[in-house]
Every structure is written in structure tokens, then in C-alpha cells.
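So you can see what is in the structure, the chains are spelled out below.
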Amino acid sequence: MTTSEAPPRAGAASYLEDHGRFSGIFGWIFSTDHKRIGILYLVSTLFFFFVGMSLGFLMRLQMLSPHGELFKNADYYNALFTLHGVIMIFLFIIPAVPGSLGNFFMPIMIGAKDVAFPRLNLLSWWLYVTGAVIALASLFGSGLPDTGWTFYAPYSLRTHADIPMAVFGVFVLGFSSILTGINFITTMHRMRAPGMGWFKMPLFPWALYATSWVQVLATPVLGITMLLIFVERIFHVGIFNPAMGGDPLLYQHLFWMYSHPAVYIMILPAMGLISEMIPTFAHRTIFGYGAIVWSSMGIALLGSLVWAHHMFTSGLSDAAATVFSLLTFLVAVPSAIKVFNWTATLYKGSIALEPPMLYALSFIFLFSVGGLTGLILGALALNVMLHDTYFVVAHFHYVIFGGAAFAFFGALHYWLPKMFGRMYNRSAAYIGWALLFTGFNLLYFTMFVLGVMGMPRRYAFYLPRFQTPQVIATVGSWIMIAGILVVFTNLIVSVFKGEKAGDNPWGGVTLEWQIPSPPPTENFLEPPTIPEKAYDFEGAFAS
Amino acid sequence: MNPASTSLTESVTHVFIYIVALSALFLVGITATMIYFVVRYSRSRNPKPKDIHGNVALEATWTIIPTLLFLSMFYFGWTRWEQMREVPRDAMQVEVTGRQWSWSFKYPNGKVSSELRLPIDTPVRCDLHSLDVIHGFFIPAFGVKEDVVPGKHNFAWFDPTELGTYDLLCSSYCGQGHPLMMANVVIMPGDKFKEWYSTQEAATGPAHGELLYKTKGCIGCHSITGIRIVGPTWKGLYDSEVTVTTNGKTRTVKADDDYLKRSILDPNADIVQSYPASVMPVQKDLTPQDVNDLIAYIKTLK
Amino acid sequence: MSDVAAEAGRAEHAHEEHRDYEGAKLGMWLFLLSECMLFGGLFVLYAMYRADHPRAFSAGGSHMDAILGVANTLVLLTGSFAVASSITALQRGRRKLAMGLVGTTILTGVAFMIVKAVEWSGHIRQGYFPHSHLLQGKPGEQLFFSLYYVMTGLHGLHVIAGIAVLTAALILMARGKVTQEHFVFLENAALYWHLVDIIWIFLLPLFYLAA
Ligand code: HEA
Ligand code: HEA
Ligand code: CUA
Ligand SMILES: [Cu+2]
């Protein structure tokens, strides 16, 4: 099929206009175009982000007073943090970056027309929606789900809540994630444009490559664990129930064997995004390309060996605790390497502090705070004090929200002009960022203090001595609300009303900047020119 | 540091300070470098960027130095922890039982208490048992924490060095009553403790009922002050009119001895209106005398 | 723009997707890898529990009918052999033979499930199921039977899935969609069946020969 000369070329229209076989909403939800699927993921994950946020907001209100400002019945608060955790982890942060930006940009960045299995890709999104609906249906079951996102046995085997429904939903979501992983790995192996060698690939695809392996290898373990809880509840077999000879710690092992690698599923793509934004706004090549690639693979590998650091106080054997603590410290090495290389990339650059860059730099700061407090948690003697306190809550909000979600928001600013061909309002973007950043630190840094004071997590009510910091944190959450509302109002308005953006507003050198904004269905109207090296700014400016 | 206001005890404060100081150093260093570069190489100051692809010596430096520092952090954390795991020979043993949603403590001489009373400066080893789900044995003031896992024999030990009353909290999520699953840890002078330790509790009657109320878990769900927790309050319960559901039918009964006995031994026979069924555990280890004592105790709560 | 043109573009896509045999096979291998991890979790559980209750596990194993287990193994192996041969047959252009061989595999799958059903109902009739009185107070055996039902049950679901995939392959062959040149679907279906087979070969000693 070499009819490329025919004037109205197939797929030359922008993907936003070319709705394919169906029209209207069906042109989206049945589209196999990776870009349209990317937008589907974007809309649906952001929807769940807003739901999860509103729950987080309610939790903060409850924490205003020691006896519970909102609910006198702990059941409601317990349901809040359970749903908040499940939604934020399984419905937002795990699928968000790979599903939306990964789907949209990875094929373009490697010079491909689409992913390897477009229909499977659509199926993944449908499975995601199905899993979400099933998980949320558990709300209307025999009682509000109240186990926390970890579903620890034997509590999850006893509670009256509709846990089978919830874990089945998570199982389906896992499937969706596995299929995306398979699709991405195959795409990167088989669909790179001629001339796009492995080590010319930009770092975002590389990060997705590492992530996909974790998804393919770790998610099934979560799948089987959830399935076991499911059969245990429905058919009364005994696997984890101590009353039937089972060992609840084995549940925890299996759960964290997935869920620790899952935290790298959340952070690796985000790190990829940072590695895109920093060179573009510094107008120079990334420092230590190879080091960043290999550290991604190192994180994926080492990250699968540290799961039991969530179980130091559970009665793990002393030898196991020692080994897992040691490995936990080793997995921090590749993250440190990345942080240093990003910082070095600023050296002798020509830096434009555009909003995406501001997010990228805040990522480095917030992720470092989160990561360094992870080290405190990984030290055995300290973990004993801090496990299951607000210190842990603060740690993971710093890495997940301050890390993964900040990178995501930054990348939305970075790629919005490419995805929709329109630019956002810059001053609104700066104001939104400032509110978000201030509120964020006020909210979560206070939680470190609470943790050190000994405030346990998952408490609907608390001792009066914790009140002052709790109130400060809640005020922080209000500032953050304001920030988030500004950020998203700005982005949403500009999708429809923003000024037209050029094809390459930032002067980027990766392939997505060579094509029109918004991209045509076919992605590349003529075969892309593959640069000599990844991030070859000198070459780009010389020509 | 004042141990009452923080969860860090002295033995680990050093580790904490070491890791926090190193982290702060690096955090400040990286942030400052970042800001300096952003200002120094801003587009207006430095319009012409320079592509620098990398530097092997630098890469090696910032791989090896952090690795060594990380290993040192591991080492300090680990050695202090080893000490925390080694129970002194002369430690007193207390059996701690956690259940939804209360604690009880059993001493070597068979004494049972709802408070963890301990003599000062005597190391204590707590053997942790759970009757239902996982709980967390957490005393912030002494920096002890260990999960209480059904079917496992976990333990924790500490050396109470200051007089006073401290909180024992449940750190591992265990359901509705999780935030209320608390007990007092009372550190007493040695002689006062001995006195308390050697007094016998009443073996029958309302006083024994009260002890059972506190140590058999009832306290986790039933208040004696009139407020509603998980189950109905016991205040004014005796001889009151209670609306219950029996075999699906709603009826009103008088809370007499018979009714209370049935409610205790077979909680699902009559379900009190507006409360959930099969939440209250079946009480297997109560003797008939215990039940009578509990009822006698309830009688006193006018 | 022109819908016709867009449609053509899509057809081109669809075409390419089928063309990349290497890609399709790589995808399948990745999927099989994730399946292995799925069962891997269960094997880990089995190993841990067996280490805790070695005697109870061999007592549990003594209730198994090793003859049925071995017979079922042979049934599955026959199926695997048949489906492997069918690929060769198709490559040599002998479509009818290939279809017959796939049909044989499907029949062996059905036979396997029938034997499994007989076994399960036998155990349940004798009272060996997780919540039964016979196992009360014997945590090790309870675990053994729980794992037995879960693992063979999950394997059974995979057999059913395999039968469905092979049936699809059969239909595609009949319609001329899977042919001498384009047989990657059959290849992948066969790979899946081999996986089902291999997992069973691990289950056999763990349960039937555990005594
Ligand atoms: C995006 C998600 C994410 C990421 C990336 C991480 C990263 C890390 N996490 Fe975190 N973690 C979570 C999400 C994440 N975590 C979640 C969700 C939980 C709680 C789950 C629950 O219970 O609900 C958790 C809980 C958790 C615990 C268990 C706490 C407990 O319950 O007791 C531990 C303990 O070891 C830990 C450690 C670490 C470490 C060592 C890293 C490391 O990878 C961090 C490495 C990074 C750095 C170290 C910073 C950058 C480096 C430098 C700036 C170099 C210079 C520094 C020096 C040389 C000193 N995490
Ligand atoms: C992606 C991950 C993610 C993100 C982004 C967040 C975001 C937030 N989380 Fe987090 N959180 C988790 C993941 C995440 N969380 C997880 C995994 C847990 C553990 C759960 C468990 O224990 O099982 C947890 C637990 C957790 C706790 C601890 C509960 C406890 O242990 O008792 C708290 C407490 O305050 C909290 C608060 C918040 C807040 C205030 C936000 C803020 O970001 C929210 C910011 C937004 C707002 C402040 C409000 C915005 C409101 C509007 C815009 C209103 C208008 C909208 C409508 C009307 C639709 N979260
Ligand atoms: Cu007991 Cu929480
Ligand atoms: Cu972890």
C-alpha cells in the first residue's frame, strides 16, 4: 500500500476530527487510535482523581477536631480512606501516566503509527472502566468497604463490607494494566521507526519500557492475591484465615510483592516525563542518558526485591528484616543517580522557567523529600517507631502526589499544545502552581511532624494533643484545593478556547515536535527524521 | 527529647538525627544547586546552551558516595534494631491480648488487668496474642511497636524509665473501634507496684463483673456512660424496655436476667434495634458464674 | 475529512497488525509469562504451607487418586501433541488434517474436564472440602484441600479458556482466515495450550503424588 502520493491522504486529518467508523461519543469509546485512547484514559483517570480528591478533602475536614468534625461514626471515615486509597492508587496514579500520556506519545516518540495491538489497547481501556465500575459497586453492597487499600487478611475476611466485589474490581483493573504492559513492550520491540535504535529512544519511552516489565511480571501476583480473597470470602476455603490454619502474613507478602513494585509503576513513568521536560526547557541534551536508562531498569529490578519493608513490625524473622532493609537502601541508589543527572542537566543550559519546567523542578524537590523520608522508614530501628503512623502517610503523599502527580500535571502543561493545538494561560498556570506547591507542603509536611509525635494512621478520632498539627494540615488542604481548581480550570478552558499554539512551541527535539499539532491520525505524514542522538540540541540548532 | 511527646526514644534518636541530617544536607545541596543553575543559566543570561553528554567520573562519584552513605544508614538502623530485639534475661513477662476493640494484660501470677501497670526501671517483655484480627501494639512514649497477629507469637520489650501514665494505642487498622482501642500504661514506683500486684481481685460479684467487662473485651463496644459506641450502652440497661429483632420479628422485651444471659451467650438470638447482627463475638470463655457477675455488674449501672 | 480515506487508513492499520508475526508471538510470550507469575503466587503459597505442615500435606495427598491424575496428564499431553502437529500439518497445506488435530485437542480438553468433575464430586461426596467436618481441627489438611481446589480450579478455568481459543482457531481455519501463510493465531493458541499442559505437570506431583 504505497499510495502516499494520493492528495487527500488517509489519516492526514487531525486525530481530533477524524472520528473513524463511528461518530460522536462512539467515535471515541470504540476508537482504536492510540491518541484517542490516550484521551479516553486522560479524561477517565482525571475524573477519578477528582473523586479521590474530594474524599481526601472530606477526610481532612473530619480531622479538624479530635472527636471527628464530620462523622461521629467511624464507619464513614473508614470508608473514606479505603475508597480514597483504592481510587487514587488503582484508578488514578497507576493507569494515569502510561494510559494517557504513554498511549498518546510513546508511539509518536519512537516514530510508530500506533501501538502493536490497537484493539487490545481499546480492550485495556474497557477493562479499566469495567474494573472501576465493579470496584465502586462495592459501595452499594452489604456495607461500606472499610479495609484500607491494602485489604489485609483476616480483617478483610471478616468485615461485613462487600469485599469480594471490591477485590474483583481490582483484579479486573490488574488485567487492564497487564495488557497495556504487553502492548507497550511489543510496540517498543517491533514498531520503532527505521533508524530509531534502542539507545536513540527518548527517555519517556524507556521509562515506560521498564514500567511495562514490572506491570507484566508483578501485576499477576496481585491478581492471584485478590482472587484468593475473593474465593475465600465466597467459597469459604481457608488460605489466609488463621482460624482455618492459614497465615495472614503470607497475604501481606503476596500483596506487597505486587504493591511495592507498583510504587515504581507509579514513579518510573513520571521520572520519564521529567527527563523529557528538563532538556527541552534547558535547551540542551540530557546529562548521562545512559545512566538514566540503566537506572530505570535498575529500579525495576531492585524494586521487586524489597517488598517486605512494609512488614518490619509484623513478626518477620530477624534475618529477613535485615535483608529487606539492606535491599531497600540499595534501591535508593538508582533514584539518587537520576536526581543528580537531572540537576546536572541544568548546567550550562539555556533555561526557560515555563510552567512545565517549574513542575519538573518541584518534582525533584518533592520527590527527594519523599524519597529521603523513605530512607528513614527503611532504617529498621526507625521503622519500628514510624510504621503505621502519619509519617508513612506523609512519605507516600510526597512521592506519589509530589512526585508522580506533579510530573503528570507538569507534562499536561508541556504536551497540552501538542495534544490539542492550543496554549494555556501562562499567568494562571503560575498562580495555580504556587497555590498547589504551598498548600501541598503545608498539608503533608505537617504530617511528618504528626508521625514523629506518634499519631497512628487510619484514625477517625484522635487524642487532643494532635489537634494543632491536624488543623494546620487541613488548612493546607484548602490552599491546595484552590491551586488545583485554578490549574484544571485553566487547562480545561484552554483546550477549547486557548490561543493557537505552534507545532513546536518549546523548541523540543523529540519526534512529537516534528509533526503538526494536534497530530494527524497517521502521526507521520512523511517518514520522520531520526536525530543522530537522543536529545541532540546542537544538531537541531546547527541545521 | 521528652519521651512523652514523641515516639522516638533516646536509643534511636541518634539514628534519626544521622539520617535526617544527611538527608537535609543533600536536599539543601540539590535544591540550592538547582536554583543557582536556573538563575545563572536562565535564557536571558545564557542564550547559547552547551550540550554536555555526561561524565563518567562524575557518574561514578555520585553512584559510589550515596551507596556508601546509604549502607551506613542501613548499618546504624540495623544495629540499634538488633538491640531492640534482644530481650534482657531478667525481663518481667506480661501476656497481652488484643481483640476488637480492647486490650487486656495477664501477669505471671495470674492477675488480669485492663491497664498495663509496670514497675519503673524493670524491663518488660510483652507476649502478644490476638483473638481475632491483626492489631498493633504501640506505645509512642517508649517507641515500641509490634503487630499483634492471630496465630503468631510476636513480642515486644521495653524498659520504662519514667514514672507516669502513657497511652497504648492500636496501630494496625482493625475495624470500627480501631481509633478507640486504647489502654493506659501506668509506670509506678516499685513498692507501689508490688502492693498492687499482690492484691487479689474480687472473685465473684459485681466487682468481678467489672473486671470481666474491662478485660474480656466488652469495654470495646459497650460504654457505661450512656454514649453509643459499637454496641448499646450498659447504662440504665437493666430492667429497661429493649426493642429487639428475634428471628426476623420485632418485639419489645424487658432486660431482665434471662434476657441479658441470652444476649451474652447467644448474641444473635435477639438483635437490638438499630445495631448490626453478628458483630458481637460469641463469648466462649465465660463461665456461668462469670455471666452472673457481669449481669450483677450491669445491675449496678443505673 | 473524507471518511472513505480514513477508512482506508484504518484498514491499512488492521492489516499491519496481522502481518507482524514476530510481534504477535512476542505479545503471546509476554502474556504467558504473566500467567506463570499468576500461578507462581500459588506455588509460593503451596511451598510455604507445605513447609509448615509436611505431614498433613502427605496425609492430604493420600486422598487423591493418583491413577486419575496420571491418566489426565496423558490426556493433556495427547492434546498438546495433536495441536503441535496441526501447525505442521497446516504449514504443509493439509488444512483438513490440521482441523482434525485441533478438534482432537479440544476433545482431550473436554475429557480432562470430565475427569476433573468426577474427581471433585468424589472428594466432596466423601466430605473433603474446606469447610467440612472431617477436616475440622486439622489446619494442615484444610490448607491442602483449599489449595487443591483453588489451584486445580484455576487450572480448570484455563483449560476452558484454552478450549475456547482452540475453537476460535478451528472456526477461523474453516473460514479460511487462518491459513498456510497466516497461521500465527493457531500458533499462539497452541502456545497457550502448552502452558495449560505445563502447569498441570507441576500440579500433578504437588497434589497427586504428595502422599
Ligand atoms: C511513588 C511511590 C513511592 C516511591 C517512589 C517510594 C519510594 C521509596 N519508599 Fe515508599 N511507600 C509508598 C510509595 C512510594 N515509595 C507507599 C504508597 C507506601 C505506603 C503504603 C501503605 O502502607 O499504605 C510506602 C511505604 C514505604 C515504607 C513502609 C513504611 C511502613 O509502613 O512502615 C518504606 C520502608 O522502607 C518505604 C521506603 C521507600 C524507599 C526507601 C524509597 C526509595 O525508592 C526512595 C529513593 C529516593 C531517594 C532516596 C531520594 C532521591 C535521592 C537523593 C536526593 C540522593 C541524595 C541523598 C543521599 C545520598 C542521602 N516506603
Ligand atoms: C495518587 C495518590 C494520592 C493522592 C493524589 C492523594 C491526595 C490526598 N490525600 Fe491521600 N492517600 C493515598 C493516596 C493519595 N492521596 C493513599 C494510597 C492513602 C492510604 C489509604 C489507606 O490507608 O488505605 C491515602 C491516605 C490519606 C490520608 C490518611 C488517612 C488515614 O490514615 O487516616 C489522608 C489524611 O488526610 C489523605 C489526604 C489526602 C488529601 C487531603 C489529598 C489531596 O491531594 C487532595 C487535594 C484536593 C483537595 C484538598 C480537594 C479538592 C476538592 C475539590 C476540587 C472539591 C470540588 C469537587 C467536587 C465537588 C467534585 N490521604
Ligand atoms: Cu486494634 Cu486497630
Ligand atoms: Cu515499598
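Quick notes on the rules
- Just so you know, the residues in each chain are numbered from 1, in the order the chain's sequence is written.
- Each chain gets a letter, beginning with A, and each ligand a number, beginning with 1, in the order they are written.
- Selection of residues for local features in this predicted model requires a pLDDT of at least 70, selection of side-chain atom pairs for listing and counting requires 80 or more, and totals for whole chains, interfaces and linings are taken over all residues.
- In computing side-chain properties, one takes all heavy atoms of the structure into account and sets aside hydrogens as well as water.
- Here the axes come from fitting lines to C-alpha atoms, over the contacting stretch only for helices, and the angles between their N-to-C directions go from 0 to 180 degrees.
- What counts as a helix is a DSSP run of H or I of at least four residues, what counts as a strand is a run of E of at least two, and both are numbered from the N terminus.
- Throughout this description, any angle smaller than 35 degrees is read as roughly parallel, any larger than 145 degrees as roughly antiparallel, any in the 65 to 115 degree range as roughly perpendicular, and the remainder as oblique.
- Note: crossing handedness is left-handed where the near helix turns anticlockwise from the far helix by less than a right angle, and right-handed where it turns clockwise.
- Contact definition: two residues touch when any of their heavy atoms are within 4.5 Å.
- Only Asp, Glu, Lys and Arg are considered charged in this grouping, and only Ala, Val, Leu, Ile, Met, Phe, Trp, Tyr, Cys and Pro are considered nonpolar; every other residue, Gly among them, is considered polar.
- Once two parts are brought into contact, the accessible area they lose, counted with a 1.4 Å probe and summed over both, makes up the buried area.
- A carboxyl oxygen of Asp or Glu within 4 Å of a side-chain nitrogen of Lys or Arg is what we treat as a salt bridge.
- We call two N or O atoms a polar contact when they sit within 3.5 Å, provided that within protein one can donate a hydrogen and the other can accept it, with sequence-adjacent residues counted only if both atoms are side-chain atoms.
- DSSP bridges decide pairing: two strands pair if at least two such bridges lie between them.
- Any residue with a heavy atom positioned within 4 Å of a molecule or strand is treated as near that molecule or strand.
- The donor definition counts N, O and S atoms within 2.8 Å of each metal and applies 3.2 Å to Na, K and Ca; water is not among these atoms, so some sites may look incomplete.
- Partly exposed residues are those whose accessible area sits between 20% and 50% of the maximum for their type, while under 20% is buried and over 50% is exposed, using a 1.4 Å probe and protein chains only.
- Nine residue types can take part in a nonpolar core, namely buried Ala, Val, Leu, Ile, Met, Phe, Trp, Tyr and Cys, and a core is a set of them joined through side-chain atoms within 4.5 Å.
- Where each domain begins and ends follows an automated or database-derived domain assignment.
- Residues forming no salt bridge and having over 30% relative accessible area are the ones grouped into patches, like charges within 9 Å of each other and nonpolar side chains (Val, Leu, Ile, Met, Phe, Trp, Tyr) within 5 Å.
- Computed with the Shrake-Rupley method and a 1.4 Å probe, the accessible areas treat only the protein chains shown as cover for residues.
- Stacked, tilted and edge-to-face are the three classes assigned to paired rings of Phe, Tyr and Trp, where Trp is represented by its six-membered ring and a pair needs centres within 6.5 Å; plane angles under 30 degrees give stacked, over 60 edge-to-face, the rest tilted.

Q: What exactly am I supposed to notice about the packing of helix H8 (residues 248-282) of chain A against helix H10 (residues 318-345) of chain A here?
A: Helix-helix packing: each pair is described by the crossing angle between the helix axes and the interaxial distance. All names here are of chain A. Two elements in contact, H8 and H10, have axes separated by 10 Å at closest approach and are oriented at 15°. The angle between the axes of H8 and H10 places the two elements in the roughly parallel class. Classified by chirality, the crossing of H10 by H8 is left-handed. When H8 is examined against H10, the residues Tyr264, Met271, Ile274, Ser275, Ile278, Pro279 and Ala282 are found in contact with a partner set consisting of Val331, Ser335, Lys338, Trp342 and Thr345. Residues of the contact of H8 with H10, tallied by class, amount to 8 nonpolar, 3 polar and 1 charged.

Q: What is the right way to read the interface of chain C and chain A from this model?
A: Taken together, the contact pairs 39 residues of chain C with 43 residues of chain A. Summed over both sides, the interface of chain C with chain A buries roughly 3700 Å², with 69% coming from carbon and sulfur. Seen at the junction of chain C and chain A, the total is 0 salt bridges. Here chain C is connected to chain A by 3 residue pairs in polar contact (both at pLDDT 80 or more).

Q: Even after reading the chapter, I still don't get the sheet that holds strand E5 (residues 124-130) of chain B, so can you show me in this structure?
A: Sheet strands associate in pairs through backbone hydrogen bonding, adopting either a parallel or an antiparallel arrangement. Residue and element names in this part refer to chain B. With mixed pairing, 5 strands are arranged side by side in an open sheet as E3-E2-E1-E5-E8. Where the open sheet ends on each side, the last strands, each with one partner, are strand E3 (112-113) and strand E8 (154-158). One ladder, built from 7 bridges, connects strand E1 (residues 92-99) with E5; its direction is parallel. Directly across from Gly98, in E5, lies its bridge partner Ser130.

Q: Just to check I follow, could you spell out the site of ligand 2 for this structure?
A: Residues and elements named next belong to chain A. The local shell around ligand 2 holds 33 residues, among which Arg60, Tyr77, His84, His397 and Arg458 are the closest. Tyr77 is positioned such that a nitrogen or oxygen atom in its side chain is 2.6 Å from an oxygen atom of ligand 2. Here His397 contributes a side-chain N or O atom positioned 2.7 Å from a nitrogen atom of ligand 2. Contributing elements (two or more residues each) for the shell around ligand 2: helix H2 (34-62), helix H3 (74-109), helix H13 (390-420), helix H14 (426-453) and helix H15 (467-497). Residue contributions to the shell around ligand 2 peak at 8 residues, all from H3.

Q: Which parts of the structure should I look at to understand the coordination of the copper ion (ligand 4)?
A: Put simply, a metal with four donors set out as a tetrahedron has ideal angles of 109.5 degrees, and one with six donors set out as an octahedron has ideal angles of 90 or 180 degrees. Residue and element names in this part refer to chain A. Around the copper ion (ligand 4), the donor atoms from the protein are His260 (ND1), His309 (NE2) and His310 (NE2), and they sit 1.8 to 2.1 Å away. On the primary sequence, the residues serving as donors to the copper ion (ligand 4) are separated as H-x48-H-H. The distance between the copper ion (ligand 4) and the iron atom of ligand 1 comes to 4.5 Å. Taken together, the residues span a long stretch of sequence, with His260 in helix H8 and His309 in the loop between helix H9 (289-302) and H10 at a distance of 49 residues. What makes His309 buried here is its relative accessible area of 14%.

Q: What am I meant to see in the interface of chain A and chain B here?
A: Often, the extent of an interface is quoted as the loss of accessible area on bringing the components together. On the chain B side, the residues contacting the 90 residues of chain A number 77 residues. Each partner contributes to the roughly 7200 Å² buried at the junction of chain A and chain B, and carbon and sulfur atoms together form 68% of this total. Joining chain A to chain B, the criterion identifies 3 salt bridges. A salt bridge links Asp247 of chain A to Lys152 of chain B; its shortest N-O distance comes to 3.4 Å. Counting across the chain A and chain B interface gives 31 residue pairs in polar contact (both at pLDDT 80 or more). Ranked by residues supplied to the side of chain A that touches chain B, first place goes to H10 of chain A with 16 residues. Of the residues assigned to the side of chain A that touches chain B, the class counts are 53 nonpolar, 23 polar and 14 charged.

Q: Just checking my understanding: could you explain the sheet that holds strand E6 (residues 135-139) of chain B for this structure?
A: Residues and elements named next belong to chain B. With mixed pairing, 5 strands are arranged side by side in an open sheet as E4-E10-E9-E6-E7. Of all strands in the sheet, those bounded by a partner on one side alone are strand E4 (116-119) and strand E7 (144-148). On average, each strand axis in the sheet is tilted by 20° relative to the strand beside it, whichever way the strands run. Here E6 runs beside strand E9 (residues 164-170); their pairing, made up of 2 bridges, is antiparallel. Bridge pairing links Phe138 to Leu169 in E9.

Q: When you look at the pattern of salt bridges in this model, what are you seeing that I'm missing?
A: Evaluation of the coordinates by the stated rule reveals 17 salt bridges over all chains. In this structure, Glu354 of chain A engages Arg426 of chain A in a salt bridge whose closest nitrogen and oxygen atoms are separated by 3.0 Å. Here Arg426 of chain A lies in helix H14 and Glu354 of chain A lies in the loop between H10 and helix H11 (355-378), a separation of 72 residues in the sequence. The class of Glu354 of chain A is buried, set by a relative accessible area of 16%. Between Asp239 of chain B and Lys254 of chain B there is a salt bridge, and its shortest N-O distance comes to 3.8 Å. Within this pair, whereas Asp239 of chain B is found in the loop between helix H4 (205-215) and strand E11 (241-246), its partner Lys254 of chain B is found in strand E12 (residues 249-254), the two being separated by 15 residues in sequence.

Q: Got a minute to help me understand the nonpolar core in this structure?
A: Soluble globular proteins tend to bury their nonpolar side chains together. Phe240, Trp415 and Met419 of chain A together with Phe137 of chain B are the most contacted members of the largest nonpolar core, which has 329 residues in total. Two domains each donate at least three residues to this core, and these are domain 1 (9-85) and domain 2 (92-198) of chain B. If you look at the next biggest cluster of nonpolar residues, it comprises 22 residues, including Tyr213, Cys218, Trp234 and Val242 of chain B.

Q: Could you clarify how one ought to interpret a nonpolar patch on the surface in this entry?
A: Where nonpolar side chains cluster on the molecular surface, the patch consists of Phe22, Ile25, Phe26 and Phe30 of chain A and spans about 380 Å² of accessible area. Summarising the element assignment, Phe30 of chain A is placed in the loop between helix H1 (26-29) and H2.

Q: Where do I start with the coordination of the iron atom of ligand 1 in this structure?
A: Exactly one donor from the protein chain reaches the iron atom of ligand 1: His395 of chain A (NE2), at 2.2 Å. In this fold, His395 of chain A is placed in helix H13.

Q: For this particular structure, what's the right way to read the site of ligand 1?
A: Surveying the vicinity of ligand 1 reveals 34 residues, the closest of which are Trp149, Tyr264, His387, His395 and Arg457 of chain A. Those residues lying near ligand 1 are distributed over chains A and B. Backbone polar atom of Gly378 of chain A to an oxygen atom of ligand 1: 3.3 Å apart, as the coordinates give it. One of the side-chain N or O atoms of Arg457 of chain A is found 2.8 Å from an oxygen atom in ligand 1. The set of elements that each furnish at least two residues to the shell around ligand 1 consists of H8, H10, H11 and H13 of chain A together with helix H1 (10-40) and helix H2 (56-85) of chain B. Counting residues per element, the shell around ligand 1 draws most heavily on H11 of chain A, which supplies 8 residues. The residue makeup of the shell around ligand 1, split by class, is 22 nonpolar, 11 polar and 1 charged.

Q: What should I look at first to understand the packing of aromatic side chains in this one?
A: Two descriptors summarise a pair of aromatic rings, namely the distance from one centre to the other and the angle between the planes of the rings. Residue and element names in this part refer to chain A. With the rule as written, the count across this model stands at 95 aromatic pairs over all chains. Here Phe49 and Phe50 contribute two aromatic rings whose centre-to-centre distance is 5.9 Å and whose plane-to-plane angle is 70°, an arrangement assigned as edge-to-face. On the numbers, 6.3 Å between centres and 45° between planes, the contact of Phe49 with Phe488 is tilted. On the criterion of sequence distance, the pair formed by Phe49 in helix H2 and Phe488 in helix H15 is long-range, its members being 439 residues apart.

Q: Before we go on, may I ask you to explain the arrangement of the chains in this structure?
A: For this structure, the chain pair with the highest number of contacts among 2 pairs of chains in contact is chains A and B. Without any contact between them, chain B and chain C keep their closest C-alpha atoms 12 Å apart.

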